[in-house]
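This is what each chain is made of:
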Amino acid sequence: MSPETVAPVQSPAGTGRTDRSRARARAARNHRLLVHGTRVLLLVGLLGLWEWLARAAVIDPFNFSMPSKIWDQMSQWALHGTPQGSLWEQIWYTLYEALLGWVIGVLGGVVLGIALGRVRFLADVLGPYIKVLNALPRIVLAPIFLIWFGLGPASKVASAVVLVFFPVFFNAFQGAREVDRNLVANSRILGASNRQVTLQVVIPSATSWIFTSLHVSFGFALIGAIVGEYIGATKGLGLLVSASQGTFNAAGVYAAMVILAVVALLAEGLLAFLERRLFRWKPADSAGDR
């Protein structure tokens, strides 16, 4: 028998490592299934308890409604529309306002945060003003924006911008300040300009800080759009909440809240997916599981 025909023999150490890897993967998969299954059971249990309490008149079904009525309300809106028009039109209107406000707020927060984190003079000059603006209860600005910009989407976008800007700004600012000074010094030694240091060292280092704020900032953008629509609008989910409240339709209020929660969860899932794609070089426990 020639040496070429001899089948390779796997070492016991290699077999042991393979078995351990498979066991870890199986344990991780079982853990995910257990977590997801427990979440579903918890949700079903809470909804079932709510339904039973309402039907047994332990809680007032007029004020608290019940899951079955909320589902019926959502089905009616989806199939026959709302008094303000198609349900999908209301969702898109709110989503458009929130997305536009989110993009503007994120861009403004990142640019100004990186700028103040890099230029000490700007931070010293503008720092007190930003702290004062951050101390204001920004939700109360929504009526002012309504007076300035009217009932259209501009006032809701403005409300979303002011809610998104500050968390993104402070994270970008802190990320720029926390850059490893050795990296900056080495870049200087290699002849990098201020612009190259900012673009190739500071911004990549601050990206993880910025993404941390993005997870919560889109929820703030939705809040800004909804509050603006609740105060005064011609379309949107916030107007659905306001109209349902005005007619004492508790199921309508809860139905609009459920739709908002689904939109927010989808946005969070998309952001988590983008973060995993951008931070594939990081360990799973630092980037993917946050």
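Residues numbered from 1 in each chain as written. Predicted model: local features only at pLDDT ≥ 70, side-chain atom pairs only at ≥ 80, totals over all residues. Heavy atoms only, no water.

### Topic: the overall build of the chain
Part 1 of the reasoning: When you go through the chain residue by residue, the secondary structure sums to 12 helices and 0 strands.
Part 2 of the reasoning: Mapped from its N terminus to its C terminus, the chain presents α and β elements in the order α-α-α-α-α-α-α-α-α-α-α-α.
Part 3 of the reasoning: Within the span of the chain, comprising 290 residues, buried residues form 35% of the whole.
Part 4 of the reasoning: Taking as baseline every contact in the chain between residues at least 6 positions apart, the subset at least 24 positions apart corresponds to 72%.
Part 5 of the reasoning: Just so you have it, the chain exposes about 17700 Å², and 69% of that area is on carbon and sulfur atoms. (Helix = DSSP H or I, 4+ residues; strand = E, 2+ residues; numbered from the N terminus. Buried < 20%, exposed > 50% of the residue type's maximum accessible area, 1.4 Å probe, protein only. Contact = heavy atoms within 4.5 Å. Areas by Shrake-Rupley, 256 points an atom, 1.4 Å probe, with all protein chains shown as cover.)

### Describing the UniProt feature "transmembrane region" (unreviewed entry) in the chain
Part 1 of the reasoning: As annotated by UniProt and renumbered to match this structure, "transmembrane region" (unreviewed entry) occupies residues 33-53, 99-117, 129-151, 157-173, 209-231 and 251-274.
Part 2 of the reasoning: Between the first and last C-alpha atoms of residues 129-151 the distance is 29 Å; the span itself is 70% helix and 0% strand.
Part 3 of the reasoning: With 100% helix and 0% strand, residues 251-274 has its two end C-alpha atoms placed 35 Å apart. (UniProt positions renumbered as here; feature names shortened; annotations may be inferred.)

### Things to note about the side chain of Ser155
Part 1 of the reasoning: Relative to the assigned elements, Ser155 resides in helix H7 (residues 153-177).
Part 2 of the reasoning: Using a relative accessible area of 3% as the deciding quantity, one classes Ser155 as buried.
Part 3 of the reasoning: Here the side chain of Ser155 touches Gly150 through a polar contact of 3.0 Å, landing on its backbone oxygen.
Part 4 of the reasoning: The residues contacting Ser155, other than those within four sequence positions of it, are Phe145, Leu146, Phe149 and Gly150. (Polar contact = N/O pair within 3.5 Å; in protein donor to acceptor, adjacent residues only side chain to side chain.)

### Some remarks on the packing of helix H6 (residues 141-149) against H7
Part 1 of the reasoning: Contact pair H6 / H7: the axes reach a minimum separation of 8 Å and the direction vectors enclose 145 degrees. Taken as a pair, H6 and H7 cross one another with a handedness that is right-handed. For the pair H6 and H7, contact is made by Leu141, Ala142, Phe145, Leu146 and Phe149 and by Ala154, Ser155, Lys156, Ala158, Ser159 and Val162, respectively.
Part 2 of the reasoning: In the contact of H6 with H7, the residues fall into 8 nonpolar, 2 polar and 1 charged. (Axes fitted to C-alpha atoms, helices over the stretch in contact; angles between N-to-C directions. Left-handed = near helix turned anticlockwise from the far one by under 90°. Nonpolar A, V, L, I, M, F, W, Y, C, P; charged D, E, K, R; others polar.)

### Some remarks on the packing of helix H5 (residues 120-135) against H7
Part 1 of the reasoning: Look at H5 against H7: their axes get within 12 Å of each other, and the N-to-C directions meet at 150 degrees. When the axes of H5 and H7 are compared, the pair comes out roughly antiparallel. Relative to H7, H5 is oriented so that their crossing is left-handed. Where H5 approaches H7, its residues Arg120, Ala123, Ile130, Leu133 and Asn134 are matched on the opposing element by Phe166, Phe169, Phe170, Phe173 and Arg177. (Parallel < 35°, antiparallel > 145°, perpendicular 65-115°, else oblique.)

### A look at unusual backbone geometry
Part 1 of the reasoning: Even without being a glycine, Ala57 presents a positive backbone phi close to 65 degrees.
Part 2 of the reasoning: By the secondary structure assignment, Ala57 is in the loop between helix H1 (12-55) and helix H2 (61-64).
Part 3 of the reasoning: At Ser65, a residue that is not glycine, the phi angle is positive and equals roughly 55 degrees.
Part 4 of the reasoning: Relative to the assigned elements, Ser65 resides in the loop between H2 and helix H3 (67-80).
Part 5 of the reasoning: Residue class for Ser65 comes out buried when judged on its relative accessible area of 2%.

### Looking at the nonpolar core
Part 1 of the reasoning: Grouped together as the largest cluster of nonpolar side chains are 35 residues, with contacts concentrated most on Trp77, Leu87, Trp102, Leu214, Leu237 and Ile259.
Part 2 of the reasoning: Contributions of two or more residues to this core are made by H3, helix H4 (87-118), H7, helix H9 (194-231), helix H10 (237-246) and helix H11 (250-278).
Part 3 of the reasoning: Beyond its immediate stretch of four places on either side in the chain, Leu214 contacts Trp102, Val106, Val168 and Leu271.
Part 4 of the reasoning: Within the second largest apolar cluster, 7 residues are counted, among which are Leu116, Ala123, Phe169 and Phe173. (Core = buried A, V, L, I, M, F, W, Y, C linked by side-chain atoms within 4.5 Å.)

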